[in-house]
Structure formats: C-alpha cells, structure tokens
Number of protein chains: 2
Amino acid sequence: MRFSLNQWTTRHWPLPDLAEGCAAAGVTGVGLWREPVADYGVARTTELMRDHGLTVTSLCRGGFFQDPAALDDNRRAIEEAAELGAPVLCLVSGGLPDGSRDLDGARSRVADVLAELAPYAGEHGVRLALEPLHPMYASDRCVVSTLGQALDLAAPFPSSQVGVMIDTYHLWWDPDVWDGIARAGAVGRLALFQVADWVTPLPEGVLTGRGMLGDGCIELRRFREAVDATGYTGPIEVEIFNEELWAMPGQEALALTLSRYKEHIT
Amino acid sequence: MRFSLNQWTTRHWPLPDLAEGCAAAGVTGVGLWREPVADYGVARTTELMRDHGLTVTSLCRGGFFQDPAALDDNRRAIEEAAELGAPVLCLVSGGLPDGSRDLDGARSRVADVLAELAPYAGEHGVRLALEPLHPMYASDRCVVSTLGQALDLAAPFPSSQVGVMIDTYHLWWDPDVWDGIARAGAVGRLALFQVADWVTPLPEGVLTGRGMLGDGCIELRRFREAVDATGYTGPIEVEIFNEELWAMPGQEALALTLSRYKEHIT
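Conventions we followed
For every chain, the first residue of the written sequence is number 1, and numbering continues from 1 onward in sequence order. Each chain is given a letter, starting from A, and each ligand a number, starting from 1, according to the order in which they appear as written. Only residues with pLDDT of at least 70 get local features here, since the model is predicted, and only at 80 or more are side-chain atom pairs given and counted; chain-wide, interface and lining totals rely on the full set of residues. Hydrogens and water molecules were not included; the side-chain quantities draw on all heavy atoms of the structure. Buried means the residue's accessible area, taken with a 1.4 Å probe over protein chains only, is under 20% of the maximum for its type, while exposed means over 50%, and partly exposed covers the values in between. Helix and strand labels come from DSSP, where a helix needs a run of H or I of at least four residues and a strand needs a run of E of at least two; each type is numbered from the N terminus. Here the arc refers to the directions that run from the helix axis out to each C-beta atom. A helix's residues, less one, multiplied by 1.5 Å, set its expected span. Pairs of residues are marked as contacts when any of their non-hydrogen atoms sit within 4.5 Å. Remark: nonpolar core denotes a set of buried residues (Ala, Val, Leu, Ile, Met, Phe, Trp, Tyr, Cys) joined through side-chain atoms within 4.5 Å. Copies overlap after least-squares fitting; the atoms used are the C-alpha atoms of residues with pLDDT of at least 70 in both. Two parts placed together each lose some accessible area under a 1.4 Å probe, and adding up what both lose gives the buried area. Whenever two N or O atoms come within 3.5 Å, that pair is a polar contact, provided that in protein one can donate a hydrogen and the other can accept it, and provided that, for residues adjacent in sequence, both atoms are side-chain atoms. The classification used treats Ala, Val, Leu, Ile, Met, Phe, Trp, Tyr, Cys and Pro as nonpolar, Asp, Glu, Lys and Arg as charged, and all other residues, Gly among them, as polar. A pair is scored as a salt bridge if a Lys or Arg side-chain nitrogen falls within 4 Å of a carboxyl oxygen belonging to Asp or Glu.

### Remarks on helix α9 (residues 220-229) of chain B
All names here are of chain B.
Phase 1: For α9, the complete set of buried residues consists of Leu-220, Phe-223, Arg-224 and Val-227. The buried residues of α9 occupy one face: seen down the axis, they fall within an arc of 100°.
Phase 2: Phi turns positive one or two residues past the end of α9, at Gly-231, with a value near 100°.

### Looking at helix α11 (residues 250-264) of chain A
Residues and elements named next belong to chain A.
Phase 1: Given a rise of 1.5 Å per residue, 15 residues ought to cover 21 Å, and the 21 Å separating the end C-alpha atoms of α11 matches this to within 8%.
Phase 2: All of the buried residues along α11 are Gly-250, Ala-253, Leu-254, Thr-257, Leu-258, Arg-260, Tyr-261 and His-264.
Phase 3: Buried residues along α11 sit against β1 (3-6), α1 (15-24), α9 (220-229), β10 (236-238) and α10 (243-246).

### Remarks on the environment of Glu-131 of chain A
Residue and element names in this part refer to chain A.
Phase 1: Tracing the sequence through the fold places Glu-131 in the loop between β5 (127-130) and α6 (147-154).
Phase 2: Sequence-wise, Glu-131 and Leu-192 are 61 residues apart; in three dimensions their C-alpha atoms are separated by 9.2 Å.
Phase 3: Setting aside residues no more than four positions away along its own chain, Glu-131 makes contact with Leu-91, Val-92, Cys-142, Val-144, Met-165, Asp-167, His-170 and Gln-194.

### Examining the nonpolar core
Phase 1: Met-136 and Trp-172 of chain A together with Trp-172 of chain B are the most contacted members of the largest nonpolar core, which has 196 residues in total.
Phase 2: Apart from residues lying up to four places away in sequence, Trp-172 of chain A is in contact with Trp-198, Cys-217, Ile-218 and Phe-223 of chain A together with Leu-96, Leu-103, Ala-138 and Ser-139 of chain B.

### So, the relation of the copies chain A and chain B
Phase 1: The two copies are related by a screw motion: chain A maps onto chain B through a turn of 180° and a shift of 0.0 Å along the axis, at an RMSD of 0.0 Å. Both chain copies can therefore be described as sitting about a two-fold axis. When C-alpha distances to the rotation axis are compared across chain A, the minimum falls at Glu-204 of chain A, with a value of 1.9 Å.
Phase 2: When you check the interface residues of chain A against chain B, 100% turn up at the interface there too, and the contact is symmetric in its surfaces.

### Considerations on unusual backbone geometry
Phase 1: Look at the link from Thr-200 of chain A to Pro-201 of chain A: it is a cis peptide, with omega at 0°.
Phase 2: For Pro-201 of chain A, the position within the fold is in the loop between β8 (197-198) and β9 (210-211).
Phase 3: Omega for the bond connecting Cys-60 of chain B with Arg-61 of chain B falls within 30 degrees of zero, at 0°, which places this linkage in the cis form.
Phase 4: Turning to its location among the elements, Arg-61 of chain B is positioned in strand β3 (residues 55-63).
Phase 5: With a phi angle near 45°, Phe-64 of chain B is a residue other than glycine that sits in the positive phi range.
Phase 6: Looking at the element boundaries, Phe-64 of chain B is found in the loop between β3 and α4 (70-84).

### Topic: the interface of chain A and chain B
Phase 1: Taken together, the contact between chain A and chain B spans 34 residues of the former and 34 residues of the latter.
Phase 2: Of the roughly 2600 Å² buried between chain A and chain B on both sides combined, carbon and sulfur atoms contribute 59%.
Phase 3: Inspection of the region where chain A meets chain B yields 12 residue pairs in polar contact (both at pLDDT 80 or more).
Phase 4: With three residues, helix α5 (residues 103-123) of chain A is the single largest residue contributor to the side of chain A that touches chain B.
Phase 5: Split into classes, the residues belonging to the side of chain A that touches chain B amount to 15 nonpolar, 11 polar and eight charged.

### Considering the pattern of salt bridges
When the charged atoms of two side chains lie near each other, side chains of opposite charge can form a pair.
Phase 1: Summed over the entire model, instances satisfying the criterion amount to 24 salt bridges over all chains.
Phase 2: A salt bridge links Asp-104 of chain A to Arg-222 of chain B, with the nearest nitrogen and oxygen atoms 3.0 Å apart. Note that Asp-104 of chain A is positioned in helix α5 and Arg-222 of chain B in helix α9, a pairing that runs across two chains.
Phase 3: Owing to a relative accessible area of 29%, Arg-222 of chain B belongs among the partly exposed residues under this scheme.
Phase 4: Linking Arg-222 of chain B and Glu-219 of chain B is a salt bridge whose minimum nitrogen-to-oxygen distance equals 2.9 Å.
Phase 5: The exposure class of Glu-219 of chain B is partly exposed, given its relative accessible area of 23%.

Rendered as structure tokens:
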C-alpha cells in the first residue's frame, strides 16, 4: 500500500490515536511532523510506530534557511529523522529575511546551507527533500518556487543526499511541471510525492485552504501517472491543510481521505 | 513623464475628478477600465481625456477566453480601445471553466481565441497584451501564469498585434523572469509595464492585497531597469488593488503613489 497519511491532514489527532487508527484502517505509512513528535518524544514515537506496524515515510520539516540557527536546527531534524527511520526530511526553504528584498540572495543561501547539511544527512542515512512551494509563499515561507529550481539546487549533491518533493498543490499550475517530473526521475531526484487538491477562494493568509482530493481542479491521477512513469515506487503522502478536515474526528477524516485517494489517485 | 495612473489604483475616483486630478498633478497618462468607461460613455471619456491633456496608455481589460461570449466581448473591447486611442488592450486570459480540470485545454483555448482576435486588433490599431497573472489566480482568473508562457502564446502572431505585459506583482517570484524580460524585448513583444508591490499576509480571496510601491519585497527598480534595458520607452503604469488605498480620497492616493513612484521606480 503506497498511501501514507501525512500527520498534518489529521492535525489534531493525538499520536497514539493516529497510530491505532491507521493500523485499524490498514494504513502502513505515515508522514510525521517534528513538533508533535517532540511533544510525544522521538524514542516513544519510534516505538509507537513500530508497535503499530507503521513506517515513517517522511519527517516534516527542516529548512527555513534564512534563520540564523538554521544549521543547528536542521542537523537536529536530520538526527530525529534517522532515529524515526524516516528516509526523507522535507525541507521548506524559508522566505525572505524581514525587510529584505534580496530574493537572489535568499536563494543562494539555500544552496550554501544545503552544502553544509548534505553530507551530514548522508552520514545519517537521511535524504533531504527540497520542496518547491507555490509562488504565493515565496516571500514568507519558501523562496524555492518551481520544480526546475529545486532540481537545479539539488544538482551539485549526490542524489542519495538531496532530492526533491513533488506536491500537486504547489506545482499544478506550472506549464513546465510535466517536463520537470520526467527530469526529476531521469536524474534520480524524486524523493517524495505528496497530494492535495486546489480549491478557491483562498482563505486569508492562504495557509489552510488546501482541498480534499477530488474537491478541486488538479489532474491528480495524471500527476500520479507521471510520477510513476519515472520509476518512482515510493509512498504517496496525502497532506491537506484544511480547517474543515481538522474539525473532523481523526478516524472519520482518515476514512474520507482513503476513500478519495482510491477514487482520484489510484 | 512615463508615469501612468491605472484607474483601479484610485478605483472609486469618478472619471471627471480623476482627469482633473491627474492634470493638476502633472500626470499625462492613465490606464482605464472598461466598466467605468462604459458608465461614463466611451465618447465622453475620450473627450474628457483629450480636454485634460491625458493619454490613455491602456484599456483593461479583455480576455476571459473560456466565456462562450468571449469573442464578441473582446471585439467590443478592441473597438473601445481604438476609440479611446489606447494603444494596448490588456488581456486577462480567464481561469478554468466551472468544474473543469483541463488546464491544458484552457491554455489551448487562449491560443485559439487569440488567433481570431489578433487580425481584428491589427485592423483597429490596437495591440493585444497578454498578461501573465500570479499562479495563485491560475484556476479562477488566468491560466497564463508565466512570462515565458505568455511569450510562447504571442509568438505565432505579428508583434504589432500581440504583445505581453510585465506586472511586477505577478512575476516577481519567477526565477526565469529576468531572462523572460530580455526575451520579450528581443522579440519586440513588450507591450506594457505595470508596477505594484508584494505584501503579506494575503487577504481572503487574494484580490485586494497588492502593496503600495515600497511597502513590499519586490526589487521594483531592478524590474524598471531590466525593462528599460530592452529598449522599452513606454509608460509605467501603477496598478494597485488595495482596500486601504481605495479608502483614501483620490487626490491623496495619487500624491502618495507619485511620491512612492519617484522613490522606488525612477
């Protein structure tokens, strides 16, 4: 089963309930987030996952490279991913520093910090996965906005150390995305595939308006087929930031997600 | 003076007041919108502009090519632009039809309708200007999301009939934008340059959150210099959709806009 539940999809579901609920639903993969894992404890989380037959498909997230403490914080994130057995650490590269207009500089900084982190990730058996975020987040969350740009940033490093993520929500609009997916596959950089749908109107702050699979306008199955065509056989994580979904009981949200996944992805 | 006041920047300023206010401030160019022009009358507007020594630098807007009535409506827009003496008709290409996920199809439709309209625009001495809009509008306003894509769509037509617009708000995040501007200049397609700044958080619906020049993170002067470097000597239209600005008296909003223009653009 390639389906993986990204924890943020059922954001308020406590980790033990999530583990039990996933196991009950036959789900075998979960993408975890650092903050709830830290609250529960990394070692305890590792044990909890193992006890429920769950694989940690990714840890979200490192990045935010403009932060002065970025290097230390990302090293800790790599260590946590290694302890959890997560093969992939998701990287959201961060926006512009306060008051800055130097987008090129912020993008260069991503390259510089990656150069520091990549060998450390390699030593820990963790792959860094650069996530291009939708351009509407370019100033405040992530200066890496396209798949092509993420691939260019990853290129100097061994593909075992640095890959890219493909999230349908962030990339669906890009006329170059199909070429980009093929390129990511050809150069062995496709580290993780995530899915969410695009719906409008966008909410204030544009953070929590991702759509349940099938509710929006993204050709989700076309993405899955394009990713598969590169030879990617890894997990398909469903990651949906959505207030309505978060208001649902975890088990119900998971059931809806699984049903939509079967209908629109497989 | 290359400064031009796009009418939407002072959205609630009645046309006669706007004409008088611009003349009093030494402004010689205005970008007009079809709806208020229709309310005032095209012929009366033409006369009003002439009486105040104002040049109409563009008419906003045609496009919305997915609409079944698009062809007729755009022909009327071309006729109106010609009557106003506006050299450029701004085109916002429209989003996906309701319930559609066929982004490629919607993009093809833009090409098809352009082919119908381009000769008609040529006969009227009006240049169609394809505006790439920020990717956050791709589903509901404009399936043309990058400058490169706009240039590809314009390519089959004589450059006197179809050009592209460069609006800093829509394009600032694009790592390829500097190459795109140079390319637009090299192929003679740069029809209009508009400026607004990027500020966050974005408001609900993301339509009215554009920033006053200098309030955001765009390298505005770098854009102006890159556009100038192509040989473009046309107007620089300030087009800002912003609730706070709209709440100001027109003359005050214009004075602020002019002052920021001098500080951040020239």
